[in-house]
Amino acid sequence: MGSIAHYIKDIGRGARGARPLERAQAADLFGQVLDGAVTDLEVGAFCLAMRVKGETTQEMAGFLDATHERLNRLPASDRAVVVLPSYNGARRLPVLTPLLALLLAREGLPVLVHGSATESSRVLAADVLAALDVPAQPSVQRIACGQVAVLETAQLHPGLKRLLDVRRVVGLRNAGHSVVKLMQPVDGPAVVVGSYTHPAFGTVMTELFQLLGMTAMLSRGLEGEVVCDPRRTPQVDGFVRGEHALLQAQQPGTAGEVPGLPQDIGVEATADYTRRVLAGNLPVPEPIAAQVRHVVQLASHA
């Protein structure tokens, strides 16, 4: 077994006394965690210490370096793959990540939805997609243009799934929950669609997309999902190989009603709403239609 005790000593001194890790140190630490080379006690200590201290951009870059070295990546597709991390699910509003995925596929793009259940009480995008006859794939494989592929996190790397599952024990999110929303799991051009809830994390994500030279779209998400809130027009930032551009300015106000959006956030009601929008019986909410346009634009430059 390895040990990350010397790193925990640095990061575990509280919010004021903790010292940030260098990028290479963070990569070494996170790599040992992913490889299962340290004890459960050390993993728990790492998760809690980082939760108190907060991750720096350099630390997150190191965590992503370790992750990208180990991922079971998908082969490149004929067009840039749109990567939609989906880990939160629905809490108060229907989960509309499946609608976003299917609208992007309709534009001829290959789309990857990857995720894992981290809370038992939420309605997950994967469940809605299954109800729409898009079941999870049994293995990592190339995605065709116009196809939506659904993958469990464990298929990309089992160590990531183990780290996410720590939340069920300690009740708190950890660095793994940030990593899965930022990683690029395709061995070829891709557009990572990112979202944030807290502005401070939006700043870290911006710095990371630039530092790592990624092609990505970033906006405020819907209850932790990457799809835009259908009631609001958020700021949308784009990145092409790390180069930043403002794609859309935030507009004030919230729409009082979204035509046809169900009160019921369950799987069947959400799947039915999605079908009706795709069939043209209900309008695509404009914030999501705009998001599709931005992603298509970014994919053309990836």
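Model, not experiment: these values are computed from the prediction.

By secondary structure assignment, the location of Ser195 is in strand 6 (residues 190-196). Sequence separation of Ser195 and Leu124 is 71 residues, and the distance between their C-alpha atoms is 17 Å. Leaving out residues up to four positions away in the same chain, Ser195 has contacts with Met205, Leu218, Ser219, Arg220, Gly221, Gly224, Glu225 and Val226. In terms of polar contacts, Ser195 uses its side chain to reach the backbone carbonyl oxygen of Glu225, at 3.3 Å.

With their axes 10 Å apart at the nearest point, helix 6 (residues 97-106) and helix 12 (residues 267-278) run at an angle of 25 degrees to one another. Comparing their axes, helix 12 and helix 6 come out roughly parallel. The handedness of the crossing between helix 6 and helix 12 is right-handed. The residues of helix 12 that touch helix 6, namely those facing Leu99, Leu102, Leu103 and Arg106, are Tyr273, Thr274, Val277 and Leu278. Looking at the contact of helix 6 with helix 12 residue by residue, the classes come out as six nonpolar, one polar and one charged.

The next subject is the nonpolar core. Phe30, Phe46 and Phe63 are the most contacted members of the largest nonpolar core, which totals 54 residues. Per element, the largest residue contribution to this core is six residues, and it comes from helix 3 (residues 23-34). Discounting chain neighbours no more than four positions away, the residues touching Phe46 are Ile4, Ile8, Ile11, Leu29, Phe30, Val33, Phe63 and Ala175. One finds Val134, Met217, Val277 and Leu298 within the second-largest nonpolar core, a separate group that totals 44 residues.

Moving on to the pairing of strand 3 (residues 111-115). Judged by how many residues are buried, strand 3 sits mostly within the fold: five of five residues are covered. Across four bridges, strand 2 (residues 81-85) lies against strand 3 in parallel orientation. Paired with Leu84 across the strands is Val113, a residue of strand 3. In the classification by handedness, the crossover that spans strand 2, the intervening helix 6 and the parallel strand 3 is right-handed. Judged from the five bridges that link them, strand 3 and strand 4 (residues 148-152) form a sheet pairing that is parallel. Residue pairing for strand 4: Val113 is matched across the bridge by Val150.

Right, let's talk about the packing of aromatic side chains for a bit. Between two aromatic rings, the relevant description is the distance of the centres plus the angle of the planes. For the structure shown, the criterion picks out four aromatic pairs. On the basis of an interplanar angle of 55 degrees and a centroid distance of 5.3 Å, the ring pair of Phe209 and Phe239 is categorised as tilted. Placement of the pair is Phe209 in helix 11 (residues 199-211) and Phe239 in strand 8 (residues 236-240), with a sequence separation of 30 residues. The buried category is assigned to Phe209, whose relative accessible area is 0%. The class for Phe239 is buried, based on a relative accessible area of 0%. Connected via pairs of aromatic rings, a cluster forms that spans Phe30, Phe46 and Phe63.

What counts, and where the lines are drawn
Residues numbered from 1 in each chain as written. Predicted model: local features only at pLDDT ≥ 70, side-chain atom pairs only at ≥ 80, totals over all residues. Heavy atoms only, no water. Helix = DSSP H or I, 4+ residues; strand = E, 2+ residues; numbered from the N terminus. Contact = heavy atoms within 4.5 Å. Polar contact = N/O pair within 3.5 Å; in protein donor to acceptor, adjacent residues only side chain to side chain. Axes fitted to C-alpha atoms, helices over the stretch in contact; angles between N-to-C directions. Parallel < 35°, antiparallel > 145°, perpendicular 65-115°, else oblique. Left-handed = near helix turned anticlockwise from the far one by under 90°. Nonpolar A, V, L, I, M, F, W, Y, C, P; charged D, E, K, R; others polar. Core = buried A, V, L, I, M, F, W, Y, C linked by side-chain atoms within 4.5 Å. Buried < 20%, exposed > 50% of the residue type's maximum accessible area, 1.4 Å probe, protein only. Pairing = 2+ DSSP bridges. Right-handed = clockwise from strand over helix to strand, strands pointing away. Phe/Tyr/Trp six-rings, centres within 6.5 Å; stacked < 30°, edge-to-face > 60°.

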